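Given next are the chains, with one letter for each unit.
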Amino acid sequence: MQEPLNAIVNARLPGREGLHQIAINNDVFGEITPQTALMEASGQALDARGNLLVAPFVEPHIHLDAAMTAGEPRWNQSGTLFEGIECWAERKAMLTEEDVINRAEQTLKLFADHGIQYVRTHVDVTDPQLTALKAMLAVRERMADLVDLQIVAFPQEGIWSFRNGRELMEEAVRMGADVVGGIPHFEHTRDYGVESVRWLVELAHRHDRLVDVHCDEIDDPQSRFLEVLAAEALRLDYGSRVTASHTCAMGSYDDAYCSRLFRLLKKSGLRFLSMPTESLHLQGRFDTYPKRRGITRVPELLDAGLTVAFGQDSIRDPWYPLGNGNLLRTLDVGLHACHMLGMERIDHCLEMITDNGAAALDLSQYGIESGLPARCVVLQGQSPYEVLVGQQPVQASVRDGRVVVLRGDSQGQVS
Ligand code: 17E
Ligand code: FE2
């Protein structure tokens, strides 16, 4: 194995002027010192060559159990969420642990190659055998050198609407799921949806787990489970540990309701994840013209002081046929779809795939600061604007002081 790094030189850091060098001692960041000019990288130093250095990318929302199954056993022809769930139910009946492990690991390697070191995956537990969950618990250990993996117990076919739904969720938590999920807009009735949200937040709270609900992933403006989730988070003072994924319906709510809703969202402090490529593809399917974008109110949430990150959601699965692991692509699409190409937004855009994702995942040891684990990526460009325009692959990815990806000529004396 390669020798660990003892420094990174010639790096630009977000929010700081000029070049910096960062010491690394025992896999942990040490002192960060300004440089007056470019310097030679010597010994076990990595040369960032004047490029931007940020904390590793965070993929906050993916379905690894379904990754790389697009077209098996059939393609989703309508492009709706609902046909996706039907196709997946057919593929799910064919799962083996080995099959899930292989596809999940292939996908995580692709992610690592794109500078992602933290991943939250939903795993479908509406399966009496819990095959995908057993596989993913093994993957979490097997891939720990490359990524930190959080596992969500995700009831794809509902908690109230699936036989033994509650027992399967409880079993998943007992087996070691980190996060409790839900899908209220897919439950058979509105009441089931409300009850499921109340129940799952209690379950997580009781077992000291995080919460991440597929919430209102539908264009129906009557889908209002987010207010239930936020109210429960507030009641239990649990907002920092609760994430609402998708909230597409918020793109269809009227402003009067949103004005009331935002008051509660701010009080509860819960976190938001938007998957822009996925929602552009799956939503708007029941519209003629004008067609909705089906994306939540991202800039408005940010301006209200709430945390929002972007995720990919799918890599070639029954819901979405594309995806290559590159979060810069997701970011690019998301900024377009959310009207976020003003320069102030661009200056902060990398936070959507780094810091904000880390907050949504409730990570505690994340960032480029003295005393934190030496994990970071070198991007191609001197500013977020240049990185966004260039869309180049990450130049290097460092994990606990070790170089796990290296491209171009960022290399100093690393052997
Ligand atoms: N399942 C779901 O309910 N929604 C999604 N976007 C995906 C899976 C990918
Ligand atoms: Fe999802």
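(A) A look at the coordination of the iron ion (ligand 2). Coordination of the iron ion (ligand 2) by the protein is provided by His61 (NE2), His63 (NE2), His214 (NE2) and Asp313 (OD), with metal-donor distances spanning 2.1 to 2.3 Å. All donors of the iron ion (ligand 2) come from a single chain, and their spacing in sequence reads H-x1-H-x150-H-x98-D. Linking His214 in strand β10 (residues 210-215) with Asp313 in the loop between β13 (308-310) and α10 (327-337), this pair joins segments that are 99 residues apart in sequence. When sorted by exposure, His214 lands in the same class as Asp313, which is buried.

(B) Just the nonpolar core, in detail. Residues Phe57, Leu229, Met250, Leu265, Phe272, Leu331 and Leu350 are the most contacted members of the largest nonpolar core, which totals 99 residues. At seven residues, the largest contribution of residues to this core is made by helix α5 (residues 190-206). Setting aside residues up to four positions removed in sequence, Leu229 forms contacts with Val197, Val201, Val211, Val213, Cys215, Val242, Thr243, Ala244 and Leu270. In this structure, Val58, Tyr118, Leu273 and Val378 belong to the second largest nonpolar core, which totals 28 residues.

(C) Spatial organisation of the layout of surface pockets. Approximately 520 Å³ is the volume attributed to the largest pocket. Lining the largest pocket are 26 residues, with Leu13, Pro14, Gly15, Leu53 and Val54 sitting closest to its centre. The residue makeup of the lining of the largest pocket, split by class, is twelve nonpolar, seven polar and seven charged. The space that makes up the second largest pocket amounts to roughly 250 Å³. Around the second largest pocket, the lining comprises 16 residues; the ones closest to its centre are Gly251, Arg293, Ile295, Thr296 and Ala337. Ranked by the residues each element gives to the lining of the second largest pocket, the list is headed by helix α9 (residues 298-303), at three residues.

(D) Just the sheet that holds strand β5 (residues 53-54), in detail. If you walk across this open sheet you meet the four strands as β5-β14-β15-β16, and the pairing is antiparallel. Of all the strands in the sheet, just β5 and β16 (402-406) have a single pairing partner and so form its edges. In terms of strand pairing, strand β15 (residues 396-399) meets β16 through four bridges, oriented antiparallel. Across the sheet, residue Ala396 finds its bridge partner in β16, namely Leu406.

(E) Region of the structure containing the pairing of strand β8 (residues 148-154). The buried fraction of β8 amounts to six of the seven residues, a majority that puts the element mostly inside the structure. Direction of pairing for strand β7 (residues 116-124) relative to β8: parallel, over a ladder of seven bridges. By the bridge assignment, Val119 is partnered in β8 with Leu149. In this fold, β7 hands off to helix α3 (residues 131-142), which returns the chain to β8; that crossover is right-handed. Two strands pair when backbone bridges link them, and β8 and strand β9 (residues 179-180) are joined in this way by two bridges, in the parallel orientation. Opposite Ala153, over in β9, you have Val180 as the bridge partner. Handedness of the crossover is the feature at issue here: the chain leaves β8, passes through helix α4 (residues 165-175), returns alongside β9, and the resulting connection is right-handed.

(F) Spotlight on the packing of aromatic side chains. For the structure shown, the criterion picks out five aromatic pairs. A centroid spacing of 5.4 Å and a plane angle of 70° characterise the contact between Tyr118 and Tyr366, whose relative ring orientation is edge-to-face. In this pair, Tyr118 is assigned in strand β7 and Tyr366 in the loop between α12 (355-360) and β14 (376-378), connecting sequence segments 248 residues apart. Tyr366 shares its class with Tyr118; the two are buried. The ring of Trp160 is capped by Arg166, whose NZ or CZ atom sits 3.9 Å from the centre of that ring.

(G) Main features of the pairing of β15. Judged by which residues are buried, β15 turns out to be covered on both faces: Ala396 and Val398 on one side and Ser397 and Arg399 on the other are all buried. Sheet topology note: the β14/β15 ladder contains three bridges and is antiparallel. What sits directly across from Val378, in β15, is Ala396. Taking the residues that link successive antiparallel strands as the turn, the β15-β16 hairpin has two residues, and the phi of Asp400 there is positive, at about 50°.

(H) Spatial organisation of the packing of α5 against helix α6 (residues 225-235). It is at 10 Å that the axes of α5 and α6 come closest, and there the two elements cross at 25°. Classed by the angle they form, the pair α5 and α6 counts as roughly parallel. For the pair α5 and α6, the crossing hand works out as right-handed. Facing Arg190, Gly193, Val194, Val197, Arg198, Val201 and Glu202 of α5, the residues of α6 in contact are Phe225, Val228, Leu229, Glu232 and Arg235. Residues of the contact of α5 with α6, tallied by class, amount to six nonpolar, one polar and five charged.

(I) Quick look at empty space enclosed by the protein. The full count for this structure, using the stated rule, is one cavity of 30 Å³ or more. Put simply, the largest cavity is a space of about 80 Å³. Taken together, His63, Leu81, Phe154, Gln156, Ile183, His214, Glu217, Glu278, Leu282, Asp313, Ser314 and Trp319 form the lining of the largest cavity. Split into classes, the residues belonging to the lining of the largest cavity amount to five nonpolar, four polar and three charged.

Reading guide: rules and limits
Residues numbered from 1 in each chain as written. Chains lettered and ligands numbered in written order. Predicted model: local features only at pLDDT ≥ 70, side-chain atom pairs only at ≥ 80, totals over all residues. Heavy atoms only, no water. Donors = N, O, S within 2.8 Å, 3.2 Å for Na, K, Ca; no water. Helix = DSSP H or I, 4+ residues; strand = E, 2+ residues; numbered from the N terminus. Buried < 20%, exposed > 50% of the residue type's maximum accessible area, 1.4 Å probe, protein only. Core = buried A, V, L, I, M, F, W, Y, C linked by side-chain atoms within 4.5 Å. Contact = heavy atoms within 4.5 Å. 1 Å grid on protein atoms, 1.4 Å probe; cavity = no way out; pocket = protein on both sides within 12 Å on 5 of 7 lines; lining within 4 Å. Points joined across faces, edges and corners; volume = space filled by probe spheres on them. Nonpolar A, V, L, I, M, F, W, Y, C, P; charged D, E, K, R; others polar. Pairing = 2+ DSSP bridges. Right-handed = clockwise from strand over helix to strand, strands pointing away. Phe/Tyr/Trp six-rings, centres within 6.5 Å; stacked < 30°, edge-to-face > 60°. Lys NZ or Arg CZ within 6 Å of the ring centre and 35° of its normal. Axes fitted to C-alpha atoms, helices over the stretch in contact; angles between N-to-C directions. Parallel < 35°, antiparallel > 145°, perpendicular 65-115°, else oblique. Left-handed = near helix turned anticlockwise from the far one by under 90°.

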